[in-house]
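Understanding the architecture of this molecule
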Amino acid sequence: MSKQYALEKYRLKLAEIYKSEESITGMPVNMTDLQLFTTEYTSSIPLNLAYKAAQLADRNKADHFLYNLRFATLVECRPTTRLKEILAVVADTGISVNEFLKHYEGGSAQASLTDDFSLRQSLGVRGLPAYLLEYEDIRALVNGVIGYEQCRSTIIKLTDGEVSEMQPEISTDSGRRLINLHPLISPVEIKEAFSLRDISAVKALIQPLLDADEIFIKEVYHGGVIRKHQ
């Protein structure tokens, strides 16, 4: 069996796994041309290293970088195991490319990733997804895909009822604050964040922001995503 044939079989299997997540989350997943791996690029470690480098370069923008990296990989089908593509996402996120490269290539990102792998091993994580919830000196490891109610009940139990949910204010300003925190976001995420009844309610919530040209809708495979104007 050639390496190219084995890789193609793996690519199809991986695409099938990723595509199944679309029905679970409602988020757009485009598997028509997945380019994550080739015979030259066979490891996902560059993606892990990239996130650790982003954390070290600018912790405030690291989670936004991770979201952008996922979007580039699973919606735009960009070959994000290549450094050139990673750096394009770094720049798009507003992180200093030079600062990022200092950690990505200088060893500090690798050291941080090694620490993460050690933590995973110490926790006994054997599969994904896995969630580590921490409150004061108490930890709870939850495995598998969990819904809102399971997450809620776990948090209440973990904190002995000291932490519980609170319905956010539904307003243009609260929608603006959410989008400021997540400048690339799906309507599904806004719907879940505010417990809105459907996507039409999301559209009503964000319409003033669209009218003011603060945000725009970017059309993607199987829908659209909301982006904040730079």
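Above: the structure in question.
First, a word on scope: everything that follows refers to the structure included in this document. Because the structure is a prediction, the values reported are computed rather than measured.

Quick notes on the overall build of the protein chain
For the protein chain, the helix and strand inventory stands at ten helices and five strands. Taking 17 Å as the expected radius of gyration for a compact globule of 230 residues, we find that the protein chain reaches 19 Å, a close match to that expectation. Based on the C-alpha atoms only, the size of the protein chain along its principal axes is roughly 55 × 45 × 35 Å. Considering only intrachain contacts with a sequence separation of at least 6, the fraction spanning at least 24 residues in the protein chain is 51%. Taken as two groups, the 26 positive and 31 negative side-chain charges of the protein chain have centres that lie 5 Å from each other.

Re helix α6 (residues 108-123)
Along its 16 residues, α6 runs 23 Å from first to last C-alpha, staying within 8% of the 22 Å computed at 1.5 Å per residue. Backbone geometry just downstream of α6 places Gly124 in the positive-phi region, at approximately 80 degrees.

Side note on a negative patch on the surface
Among the surface-exposed residues, Glu136, Asp137, Asp160 and Glu162 lie close enough to one another that they form a single negatively charged patch. As for its position among the elements, Asp137 is in the loop between β1 (130-135) and β2 (138-143). Judged by its relative accessible area of 72%, Asp137 falls in the exposed class.

Brief notes about the packing of aromatic side chains
Considering all chains together, one arrives at two aromatic pairs under this definition. Taking the centre distance of 6.0 Å and the plane angle of 50 degrees together, the rings of Phe65 and Phe100 count as tilted. Placement of the pair is Phe65 in helix α3 (residues 59-74) and Phe100 in helix α5 (residues 97-106), with a sequence separation of 35 residues. Between the aromatic rings of Phe100 and Tyr104, the centroid separation amounts to 5.4 Å while the plane-to-plane angle is 20 degrees, which identifies the pairing as stacked. A residue pair is termed a helical-turn pair when its members lie 3 or 4 positions apart in one helix, as Phe100 and Tyr104 do in helix α5 at four residues.

Rules of the game
- Throughout this description, residue numbers start from 1 for each chain and increase along the sequence as written.
- Restriction of local features to residues with pLDDT of at least 70 applies here, the model being predicted, together with a cutoff of 80 or more for giving and counting side-chain atom pairs; totals for whole chains, interfaces and linings are based on all residues.
- Neither water nor hydrogens contribute to the side-chain values; these are computed over all heavy atoms in the structure.
- Starting at the N terminus, helices and strands are each numbered in turn, a helix being any DSSP run of H or I of at least four residues and a strand any DSSP run of E of at least two.
- The globule rule used for comparison is 2.2 Å times the number of residues to the exponent 0.38, while the radius of gyration itself is calculated over C-alpha atoms.
- Only heavy atoms enter the contact rule, under which two residues are in contact if any of them lie within 4.5 Å.
- This count recognises Lys and Arg as positive and Asp and Glu as negative, with His and chain-terminal groups excluded.
- A charged residue contributes its charge at one atom only: NZ of Lys, CZ of Arg, CG of Asp or CD of Glu.
- Here the expected length of a helix is defined as 1.5 Å per residue gap, with one fewer gap than residues.
- Patch construction takes residues with relative accessible area above 30% that form no salt bridge. Like charges are linked within 9 Å, and nonpolar side chains (Val, Leu, Ile, Met, Phe, Trp, Tyr) are linked within 5 Å.
- In this description, accessible areas are obtained by the Shrake-Rupley approach with a 1.4 Å probe, and a residue is regarded as covered only by the protein chains that are shown.
- A carboxyl oxygen of Asp or Glu within 4 Å of a side-chain nitrogen of Lys or Arg is what we treat as a salt bridge.
- Relative accessibility thresholds used throughout: buried, under 20% of the residue-type maximum; exposed, over 50%; partly exposed, between the two (1.4 Å probe, protein chains only).
- Ring pairs are drawn from Phe, Tyr and Trp, using the six-membered ring of Trp, whenever the two centres fall within 6.5 Å, and their geometry is named by plane angle: stacked under 30 degrees, edge-to-face over 60, tilted for the rest.

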